[in-house]
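Below, each chain spelled out in residue letters.
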Amino acid sequence: MIKHYYHPMSRAVTTDWMLRELNVEHEQIVVDYMAGQNHADTFKAINPMEKVPALVDDGIVITEVAAICAYLADKFPQAGMAPPITGSERGRYYRYLFFSGNTLEPMFTLQNEKLHTPAQSVGWGDLKRVLSSIEEMTPTEDWVMGDRFGAADIVFGGTLDFSVQFGWLSQPSPKVADYVRRIKARPAYQASHEPSWHQIPDGK
């Protein structure tokens, strides 16, 4: 049985969404932050970062949203949530998986804290480059890998949704707003996110 360590006010909502899209049987274990369960030695043995999500499958521990989504997509290939491992689309798929954690979140976090780093010294560059990349990478219709929704949409689209929700991306373009609207319309998204997240953003 896959064990999913989760809290409803955390990034584990995204991996819960992935599990619901796959309709995979698993045990959901809520880690109570208020009670300090994330600091307990039993949980620190699973993730020394003391954060969720974490996935344990047959003794294998996977942390980080993108890694968990990628692992699950490959474990259940029949769901079609990832292109074939040897396929030509795999490179594009990896780009979307890793762009969010390596570029979007660091840039938006620093921007929110009003901190600035030299663009040439950090992997996420600057806000102008990030916004330009978002606009270029966001699909005009359907999903990032074409007409089939997949793990890359959960990671990339989920990060855009998170960024709009928290005002990091306060004025999404019409293209980004439309993509986030398609994301929010998915039944598994609505089942895994609080109703307050179901509101559709306006494109500017």
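Provided above is the structure to which this section pertains.
Residues numbered from 1 in each chain as written. Predicted model: local features only at pLDDT ≥ 70, side-chain atom pairs only at ≥ 80, totals over all residues. Heavy atoms only, no water.

(A) Examining the nonpolar core more closely. In terms of nonpolar packing, the biggest core is built from 47 residues, with M18, L72, Y93, L104, F156 and L160 touching the most fellow members. Those elements giving two or more residues to this core turn out to be α1 (12-22), α3 (65-75), α4 (90-112), α5 (127-137), α6 (151-165), α7 (174-184) and α8 (187-192). Excluding anything up to four places from it in sequence, M18 contacts C69, L72, A73, M81, A151 and I154. (Core = buried A, V, L, I, M, F, W, Y, C linked by side-chain atoms within 4.5 Å. Buried < 20%, exposed > 50% of the residue type's maximum accessible area, 1.4 Å probe, protein only. Helix = DSSP H or I, 4+ residues; strand = E, 2+ residues; numbered from the N terminus. Contact = heavy atoms within 4.5 Å.)

(B) Quick peek at the environment of A82. Residue placement: A82 occurs in the loop between α3 and α4. For the pair formed by A82 and Y189, sequence separation is 107 residues and the distance between their alpha carbons is 18 Å. For A82, the contacting residues outside a window of four places in its chain are A73, D74, R90 and Y93.

(C) Layout of the pattern of salt bridges. What the rule picks out here adds up to nine salt bridges. R186 is the partner of E21 in a salt bridge, and the nearest nitrogen-oxygen pair spans 2.8 Å. Taken together, the residues span a long stretch of sequence, with E21 in helix α1 and R186 in the loop between α7 and α8 at a distance of 165 residues. One salt bridge connects R95 with E136, and the closest N-O pair in it is separated by 3.5 Å. With R95 in helix α4 and E136 in helix α5, the pair connects residues that are 41 residues apart, well separated along the chain. The class of R95 is partly exposed, set by a relative accessible area of 39%. For E136, a relative accessible area of 51% puts it in the exposed group. (Salt bridge = Lys/Arg side-chain N within 4 Å of Asp/Glu carboxyl O.)

(D) Up close: the sheet that holds strand β4 (residues 60-63). Taken together, the four strands give an open sheet; going across it, the order is β2-β1-β3-β4, and neighbouring strands pair in mixed fashion. Sheet topology places β2 (26-30) and β4 at the edges, where each strand pairs with a single neighbour. Direction aside, the axes of adjacent strands within the sheet are offset by 20° on average. Pairing between strand β1 (residues 2-6) and β2: five bridges, direction parallel. From the neighbouring strand, Y6 faces β2, where its bridge partner is V30. Lying over the sheet, α1 contacts β1 and β2, oriented at roughly 150° with respect to β1. (Pairing = 2+ DSSP bridges. Axes fitted to C-alpha atoms, helices over the stretch in contact; angles between N-to-C directions.)

(E) Representation of the packing of aromatic side chains within the structure. Applying the stated rule across the entire model yields 14 aromatic pairs. Aromatic pair W17 and F149: ring centres 6.1 Å apart, planes at 40°, arrangement tilted. On the criterion of sequence distance, the pair formed by W17 in helix α1 and F149 in the loop between α5 and α6 is long-range, its members being 132 residues apart. F149 shares its class with W17; the two are buried. Relative to F98, the ring of Y94 lies with its centre 6.0 Å away and its plane at 20°, an arrangement referred to as stacked. Placement of the pair is Y94 and F98 together in helix α4, with a separation of four residues, close to one helical turn. Site record: aromatic cluster; members linked through ring pairs are W17, Y96, W143, F149, F156, Y179 and Y189. Of note, R182 hangs over the ring of W143, and the distance from its end group to the ring centre comes to 5.9 Å. One residue, R186, lies across the ring of F149, its end atom 3.7 Å from the ring centre. (Phe/Tyr/Trp six-rings, centres within 6.5 Å; stacked < 30°, edge-to-face > 60°. Lys NZ or Arg CZ within 6 Å of the ring centre and 35° of its normal.)

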